[in-house]
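Below are the chains, spelled out letter by letter.
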Amino acid sequence: MADAEAYIKDLKETITHRDPNQPEFQEAAFTVLDTLKPVLEKHPEYIKANILGELVEPERAIQFRVPWQDDEGNYQVNRGFRVQFNSAIGPYKGGLRLHPSVNLSIIKFLGFEQILKNSLTGLPIGGGKGGSDFNPKDKSDSEIMRFCQSFMTELQKHIGPDLDVPAGDIGVGGREIGYLYGQYKRLNGSQNGILTGKGLEYGGSLARTEATGFGLIYYLNALIKDQGESLKGKTIKISGAGNVAIYAIQKAQENGAKVVTASDSNGYVYDPNGIDLDTVKQIKEVERGRIKEYADKISSATYTEGSVWDLDIDYDIALPCATQNEISGDEAKLIAKDGAKYVAEGANMPSTTEAIQVYKDKGIIYGPAKAANAGGVAVSALEMSQNSERLSWTFEDVDGQLKDIMENIYQKSADADKEYDLGKDYQAGANIAGFEKVAKAMLAQGLV
Ligand SMILES: NC(=O)C1=CN([C@@H]2O[C@H](COP(=O)(O)OP(=O)(O)OC[C@H]3O[C@@H](n4cnc5c(N)ncnc54)[C@H](OP(=O)(O)O)[C@@H]3O)[C@@H](O)[C@H]2O)C=CC1
Ligand SMILES: O=C(O)CCC(=O)C(=O)O
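Reading the values: the criteria
- Residues numbered from 1 in each chain as written.
- Chains lettered and ligands numbered in written order.
- Predicted model: local features only at pLDDT ≥ 70, side-chain atom pairs only at ≥ 80, totals over all residues.
- Helix = DSSP H or I, 4+ residues; strand = E, 2+ residues; numbered from the N terminus.
- Near = placed C-beta within 6 Å.
- Nonpolar A, V, L, I, M, F, W, Y, C, P; charged D, E, K, R; others polar.
- Domains from an automatic or database assignment.
- UniProt positions renumbered as here; feature names shortened; annotations may be inferred.
- Buried ≥ 20, exposed ≤ 12 C-beta atoms within 10 Å, placed from the backbone.
- Contact = placed C-beta atoms within 7 Å.
- Expected span 1.5 Å × (residues − 1).
- Arc of directions from axis to C-beta.
- Axes fitted to C-alpha atoms, helices over the stretch in contact; angles between N-to-C directions.
- Parallel < 35°, antiparallel > 145°, perpendicular 65-115°, else oblique.
- Pairing = 2+ DSSP bridges.
- Core = buried A, V, L, I, M, F, W, Y, C linked by C-beta atoms within 7 Å.

**Notes on the overall build of the chain**
Within the chain one finds 18 helices and 13 strands. For the C-alpha atoms alone, the extent of the chain along its principal axes is close to 65 × 55 × 45 Å.

The structure is reproduced here in structure tokens:
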């Protein structure tokens, strides 16, 4: 039997050989593999059963055509995906992303991340992800509806309340979930909570909208407290101005921190007085506008094109909440130079491999995405529970459970860090804690 190091090396070569054109998937898989050596050394039975070889291969990857008609009557075709990665601990669970950049590599990286993230929540959910290269940004409501109906017409053949329960991600919010749910219901005639992030009028959970952003701050609070500090009085740089960023700003402000930036894919606003959240919500949630408009409305703010991570100001905490690979190695060096002591990830894989190495070299405490942003999927699982028992829990109840789950996730990562003597490496801690549960479940179920 190969030793742990040779086994990991072999797996990486297999992935590179099988999926040479999937850089995002390779990045996500290699990052996890690189941190699991100590577990494999302690548990050679995982090598014997080739658990990692199974883990990096999706149980199923579905690709389909999504034809739809635009407002001018033209026939359009997009590409749809659902990757059902791992069901060892429960039904596949993970969002749908609508963005022109979507391809199989991106959906596989997101689905792979979802396996260990969902395991960390402590809830019985496996990992999956889906989406399409459709761009919802410049589309009318009717076009979005027709696209969603067509997408669900195919997707509904592959999902089910005990099989695979999708939700939102970039480009998929309440409007899209509503159209997708309506089409599922029309085709199947059943009200079985097949999607999460639903409207409150038809089976959604209170606090799901807020969950990822609030959860990020609950996780950050636990992390910071363990270092003997608190959020009060800290200055935060945040990227994004979507669902995750907005509710992270809200909860950070409630905890006495000052958030000074928000961004979108065109540029960022810097407001030294602290971001006015009502203005951001009005622009982004109501008007579906651009973040640039914030600087037109708020006189203390400036707007700059480009990446918010290139803005050179002093601050304490970085919260990337936009998209993958938004922080390069050079930008991580700037984060360190600006004096930030913590990075906690609201987005999925926002830091490149080089950036993560910089955090480690410079002693920045790093909360990885699969731990820090697990609040969204955790409350999705709570939405599934409420749907099953045909009940709606109060906001306080769901929010309280979310807080407990996020504190537990931090604790599990910190415990693994201690057990394996990793030196405050909460990334490796999260990977190990998430992996151990999935590995035990896979081993128990044999070859499946
Ligand atoms: N929603 C959820 O519950 C969860 C989301 N996540 C992750 O959080 C991140 C944000 O998701 P969410 O807030 O839901 O998505 P939204 O669509 O609500 O918002 C995304 C934000 O990120 C910006 N953005 C997207 N792509 C880029 C890019 N290439 N460069 C710079 N900015 C970009 C968008 O700007 P623009 O409008 O210009 O595109 C927008 O401000 C994603 O990585 C997602 O996978 C993780 C866990 C759960
Ligand atoms: O709520 C869900 O099921 C999906 C959340 C998600 O896509 C994520 O955690 O990245």
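Read on, since the account is not over.
**Some words on the site of ligand 2**
In the vicinity of ligand 2, the contacting residues are Lys 93, Gly 94, Gly 95, Lys 117, Ala 167, Asp 169, Thr 196, Asn 348, Asn 373, Gly 376, Val 377 and Ser 380. Those elements that place two or more of their residues in the shell around ligand 2 are strand S3 (92–98) and helix H16 (375–388). Of the residues that constitute the shell around ligand 2, the class distribution is two nonpolar, seven polar and three charged.

**Quick notes on unusual backbone geometry**
The phi angle at Met 349 is positive, at roughly 50°, despite the residue not being glycine. Summarising the element assignment, Met 349 is placed in the loop between strand S12 (342–344) and helix H14 (353–362).

**Regarding the site of ligand 1**
By nearness alone, 23 residues border ligand 1, and Gly 242, Asp 264, Ser 265, Ala 347 and Gly 376 come closest of all. Looking at the shell around ligand 1 element by element, the count peaks at three residues for helix H10 (residues 243–254). Looking at the shell around ligand 1 residue by residue, the classes come out as seven nonpolar, 13 polar and three charged. Of the domains in this structure, domain 2 (60–191) and domain 3 (210–372) are the two that each give at least three residues to the shell around ligand 1.

**Concerning the UniProt feature "binding site: substrate" (unreviewed entry) in the chain**
As annotated by UniProt and renumbered to match this structure, "binding site: substrate" (unreviewed entry) occupies Lys 93, Gln 114, Lys 117, Gly 168 and Ser 380. When you line up the elements, Gln 114 lands in helix H6 (residues 104–120). Accessibility expressed as a C-beta count within 10 Å gives 26 for Gln 114, which makes it buried. Setting aside anything within four residues of it in sequence, one finds Gln 114 in contact with Phe 85, Lys 93, Gly 94, Gly 127, Gly 128 and Lys 129.

**Some details on the domain arrangement of the chain**
In terms of domain boundaries, the chain breaks down into domain 1 (4–55), domain 2 (60–191) and domain 3 (210–372). With 10 residues of domain 1 in contact, the opposing surface of domain 2 contributes 10 residues. With seven residues, helix H2 (residues 23–35) is the largest single contributor of residues to the side of domain 1 that touches domain 2. For the side of domain 1 that touches domain 2, the class distribution of residues is six nonpolar, two polar and two charged.

**Quick word on helix H1 (residues 4–18)**
Relative to the 21 Å expected for 15 residues at 1.5 Å per residue, H1 spans 21 Å between its end C-alpha atoms, a close match to the ideal helical length. Of all the positions in H1, only Tyr 7, Ile 8 and Leu 11 are classed as buried. Each buried residue of H1 lies within a common arc of 95° when the element is viewed along its axis, so the set occupies one face. Structural note: H1 exposes Glu 5, Ala 6, Glu 13 and His 17 on the side pointing more than 90 degrees away from its buried face. Elements that come into contact with the buried residues of H1 comprise H2, helix H3 (37–42), helix H4 (44–48) and helix H5 (51–55).

**With respect to the packing of H2 against H6**
Between H2 and H6, whose axes approach to 6 Å, the crossing angle comes to 25°. Viewed along their axes, H2 and H6 adopt a mutual orientation that is roughly parallel. Counted together, Pro 23, Glu 24, Phe 25, Glu 27, Ala 28, Ala 29 and Val 32 of H2 and Ser 105, Ile 106, Lys 108, Phe 109, Phe 112, Glu 113 and Leu 116 of H6 form the full contact between these two elements. Its residues assigned to classes, the contact of H2 with H6 shows nine nonpolar, one polar and four charged.

**A few points about the sheet that holds S12**
Read from one edge of the open sheet, five strands run S7-S6-S11-S12-S13, paired in parallel fashion. At either margin of the open sheet sits one strand with a lone partner, and together these are strand S7 (258–259) and strand S13 (365–367). Of the pairings in the sheet, the one linking strand S6 (residues 235–238) to S7 comprises two bridges and is parallel in character. Across the sheet, Thr 235 pairs through a bridge with Lys 258, a residue of S7.

**Considering the packing of helix H17 (residues 395–419) against helix H18 (residues 426–445)**
It is the contact of H17 with H18, at a shortest axis distance of 7 Å, that shows an interaxial angle of 100°. Between H17 and H18, the interaxial angle falls into the category roughly perpendicular. Contacts between H17 and H18 involve Lys 412, Ser 413, Ala 414, Ala 416 and Asp 417 on the former and, on the latter, Tyr 426, Ala 428, Gly 429, Ala 430, Ile 432 and Ala 433. Residues of the contact of H17 with H18, tallied by class, amount to seven nonpolar, two polar and two charged.

**Concerning the nonpolar core**
Soluble globular proteins tend to pack their nonpolar side chains together in the buried interior. One finds Tyr 219, Ala 248, Ala 262, Ala 378 and Leu 402 to be the most contacted residues of the largest nonpolar core, which totals 137 residues. Excluding its chain neighbours within four sequence positions, the residues that come into contact with Leu 402 are Ala 207, Ala 211, Phe 214, Gly 215, Tyr 218, Gly 375, Ala 378 and Val 379.

**Concerning the UniProt feature "binding site: NAD(+)" (unreviewed entry) in the chain**
The UniProt entry lists Thr 212 and Asn 243 under the feature "binding site: NAD(+)" (unreviewed entry), expressed in the numbering used here. Across 32 residues, the annotated set stays spatially compact, with a maximum C-alpha separation of 8.0 Å. Secondary-structure assignment places Thr 212 in helix H9 (residues 208–226). Residue classification places Thr 212 among the buried positions, given that 31 C-beta atoms sit within 10 Å. Position of Asn 243 relative to the elements: it lies in helix H10. Overall, Asn 243 belongs to the buried group, with 26 C-beta atoms counted inside 10 Å.

**Brief notes about the sheet that holds strand S9 (residues 267–270)**
One open sheet accounts for three strands, arranged S8-S9-S10; its pairing is antiparallel. Of all the strands in the sheet, the pair left with one neighbour each is strand S8 (261–263) and strand S10 (302–305). Each strand of the sheet is rotated relative to its neighbour by a mean of 20°, with strand direction disregarded. Bridge count between S8 and S9: three bridges; the pairing is antiparallel. Across the sheet, residue Thr 261 finds its bridge partner in S9, namely Tyr 270.

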